[in-house]
Amino acid sequence: MKKLIAGNWKMNGSLAANEELLAALAKGLEQRPSCEVAVCVPAPYLMQIQTLKSKSPALAAVAVGGQDVSGHAAGAYTGEVSAAMLKELNCRFVIVGHSERRQYHAETDALVADKTKAALAEGITPIVCVGETLAERDAGRTEEVVKRQLAAVIHTNGHCISEVVVAYEPVWAIGTGKTASPEDAQAVHAVLRAQLKAATDQSGRIKILYGGSMNAANAAALLAQPDINGGLIGGASLKAADFLKIIAAAN
Ligand code: 13P
């Protein structure tokens, strides 16, 4: 299966900085990559990114995604962005259940499952994030935690689960420079793969990405693991040279 390298810009960027970053990516992507590439950008910039894309053939290979979506279809939910709105802005992907949403915005497993469903209803591929905290890892609870998080999404989405992308992002590895070793990451990915296999006979087509301090130096070793089908990249996706190196490692 094709690998997917997705950048999560988080709450970073500006009109000027985005333009500069995309121009540098376009230069590096003149030769079309053999992996899939996406950038998940702050909602206010979706239109700008689509406009820049339309002007650059090299950026045709870059899919666009949101970073969060409402679990509701429409209505009085101030500040929320619906899946239909993301669809109108040509989003292929949307991140759901990122640990920063779970941690700072009290998102529950049930809410993440509803958001996944809302995205799927609009034909947008949700990138469902799961991952344990350092305390949970130290307590030997990694497997239990990621399985619980994924189980909620499987339960709510039934056979549609084969349409999602899963991202394993150990919370202790996010933005810290600490990465799970390729072997440790692979072990968790294998657990998630087995759980998906039990849920659908289409599990073989579900991409499971690794995220958490993936960078130009460590990407190749992580991406070489059998159940690591790509990366969800934070900090390194803001630097064109680094992001391009990770894309090259996935090619
Ligand atoms: P970093 O790559 O900055 O560690 O972030 C990972 C992440 O949270 C991607 O969603």
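Being a predicted model, the structure only gives us computed values, none of them experimental. (Residues numbered from 1 in each chain as written. Predicted model: local features only at pLDDT ≥ 70, side-chain atom pairs only at ≥ 80, totals over all residues. Heavy atoms only, no water.)

Draft legend 1. Seen up close, the packing of helix α1 (residues 15-28) against helix α10 (residues 240-250). Orientation of α1 relative to α10, taken along the N-to-C sense of each, is 35°, at an axis distance of 9 Å. The way α1 lies across α10 gives a crossing that is right-handed. Of α10, the residues touching α1 (which contributes Leu 21, Ala 24, Leu 25 and Gly 28) are Ala 240, Phe 243 and Leu 244. Considered class by class, the residues forming the contact of α1 with α10 number 6 nonpolar, 1 polar and no charged. (Axes fitted to C-alpha atoms, helices over the stretch in contact; angles between N-to-C directions. Helix = DSSP H or I, 4+ residues; strand = E, 2+ residues; numbered from the N terminus. Left-handed = near helix turned anticlockwise from the far one by under 90°. Contact = heavy atoms within 4.5 Å. Nonpolar A, V, L, I, M, F, W, Y, C, P; charged D, E, K, R; others polar.)

Draft legend 2. Summary view of the sheet that holds strand β7 (residues 208-211). Strand order in the closed barrel formed by 8 strands is β1-β2-β3-β4-β5-β6-β7-β8, and the pairing between neighbours is parallel. Strand-to-strand twist in this sheet, taken as the mean axis angle between neighbours without regard to direction, amounts to 25°. Pairing analysis gives 5 bridges linking strand β1 (residues 4-8) to strand β2 (residues 36-40), with the strands arranged parallel. Bridging from a neighbouring strand, Ile 5 pairs with Val 37 of β2. Sheet contacts for helix α7 (residues 142-157): β5 (125-130) and β6 (165-168); angle to β5, the most-contacted strand, approximately 155°. Where helix α8 (residues 182-199) meets the sheet, it contacts β5, β6 and β7, and its direction lies at approximately 150° from that of β7. (Pairing = 2+ DSSP bridges.)

These figures come from the coordinates and say nothing about function on their own.
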